[in-house]
Amino acid sequence: EVATFVRTAAELAAVAAYEPFAALGPLEAGRDLWIGFLSAPPTADVERAVLALATDVDRFRVTGRELYWRRLVRNMESLRLGARLERVLGAPMTMRNATTVRKLADRAAAS
């Protein structure tokens, strides 16, 4: 079973344009921004639990039905966080790199 979450072209454009970590500066080599798509916004308790997973190199922001994850360094600990995120959320999520989301938003806008 694969979780699929549909967004309108306008919603996808808003997600792609959102800069939740602008204060951290631009992305550089070895740093990523991932966007997790959820079926519904998490509860306040779940959002707090997700934000509590933040580390010196992993930052999170929840906005509506999206979870933004800024990885400041690629390391094994960050990779293990992905599985923990779904457990903390208690709901399925699909994650995509921000570059992919921006390309999809551009395609949707051109349609």
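Residues numbered from 1 in each chain as written. Predicted model: local features only at pLDDT ≥ 70, side-chain atom pairs only at ≥ 80, totals over all residues. Heavy atoms only, no water.

**Concerning the overall build of the protein chain**
Helix and strand counts for the protein chain come out as 4 helices and 4 strands. Projected onto the principal axes, the alpha-carbon positions of the protein chain cover approximately 40 × 30 × 25 Å. In the protein chain, which comprises 111 residues, the proportion classed as buried is 34%. When contacts within the protein chain are restricted to residue pairs at least 6 apart in sequence, those whose partners lie at least 24 apart make up 69%. (Helix = DSSP H or I, 4+ residues; strand = E, 2+ residues; numbered from the N terminus. Buried < 20%, exposed > 50% of the residue type's maximum accessible area, 1.4 Å probe, protein only. Contact = heavy atoms within 4.5 Å.)

**Brief notes about the nonpolar core**
Note that soluble globular proteins tend to have their nonpolar side chains buried in a common cluster. Judged by nonpolar contacts, the single largest core of 13 residues is most densely connected at Val 50, Phe 60, Leu 67, Trp 69, Leu 85, Leu 89 and Met 93. Every element with two or more residues in this core is listed here: helix H2 (44–51), strand E2 (58–63), strand E3 (66–71) and helix H3 (76–89). In terms of residue count, H3 provides more of this core than any other element does, 3 residues in total. Those residues in contact with Phe 60 that lie beyond four places of it in its chain are Phe 21, Val 50, Leu 51, Leu 53, Ala 54, Leu 67, Tyr 68, Trp 69, Leu 81 and Leu 85. If you look at the next biggest cluster of nonpolar residues, it comprises 12 residues, including Ala 16, Leu 33, Phe 37 and Val 101. (Core = buried A, V, L, I, M, F, W, Y, C linked by side-chain atoms within 4.5 Å.)

**Looking at the layout of surface pockets**
Approximately 170 Å³ is the volume attributed to the largest pocket. For the lining of the largest pocket, the secondary-structure elements that each account for two or more residues are strand E4 (94–97) and helix H4 (98–110). Here the lining of the largest pocket is composed, by residue class, of 6 nonpolar, 2 polar and 2 charged. (1 Å grid on protein atoms, 1.4 Å probe; cavity = no way out; pocket = protein on both sides within 12 Å on 5 of 7 lines; lining within 4 Å. Points joined across faces, edges and corners; volume = space filled by probe spheres on them. Nonpolar A, V, L, I, M, F, W, Y, C, P; charged D, E, K, R; others polar.)

**Description of the pairing of E3**
Regular strands place their side chains on alternate faces of the sheet. Among the 6 residues in E3, 6 count as buried, and that is most of the element. The two faces of E3 match: Glu 66, Tyr 68 and Arg 70 on one face and Leu 67, Trp 69 and Arg 71 on the other face are all buried. As paired strands, strand E1 (residues 32–37) and E3 are joined by 6 bridges and run antiparallel to one another. Paired with Trp 34 across the strands is Trp 69, a residue of E3. In textbook terms, the turn of a hairpin is the stretch between consecutive antiparallel strands, and for E2 and E3 this stretch comprises 2 residues, one of which, Gly 64, has a positive phi near 60°. (Pairing = 2+ DSSP bridges.)

**A look at the sheet that holds E2**
The strand order across the open sheet built from 4 strands is E2-E3-E1-E4, with neighbouring strands paired in antiparallel fashion. Both outer strands of the open sheet, E2 and E4, are each paired with one neighbouring strand and no more. Neighbour-to-neighbour, the strand axes of the sheet open up by a mean angle of 20°, direction not taken into account. Set on the sheet, H2 makes contact with E2 and E3; between it and E2 the angle comes to about 160°. Packed on one face of the sheet, H4 meets E1 and E4 and runs near 90° to E4. (Axes fitted to C-alpha atoms, helices over the stretch in contact; angles between N-to-C directions.)

**Some thoughts on the environment of Ala 40**
Mapped onto the fold, Ala 40 is located in the loop between E1 and H2. As for Ala 40 and Phe 60, which are separated by 20 residues in sequence, their C-alpha atoms are 17 Å apart.

**Quick word on the environment of Leu 24**
Locating Leu 24 in the fold gives a position in the loop between helix H1 (9–17) and E1. The spatial distance from the C-alpha of Leu 24 to the C-alpha of Ala 49 is 22 Å, given a sequence separation of 25 residues. Once residues within four sequence positions are removed from consideration, Leu 24 is found in contact with Arg 59, Arg 70 and Leu 72.

Treat this as a map of the structure, not an account of what it does.
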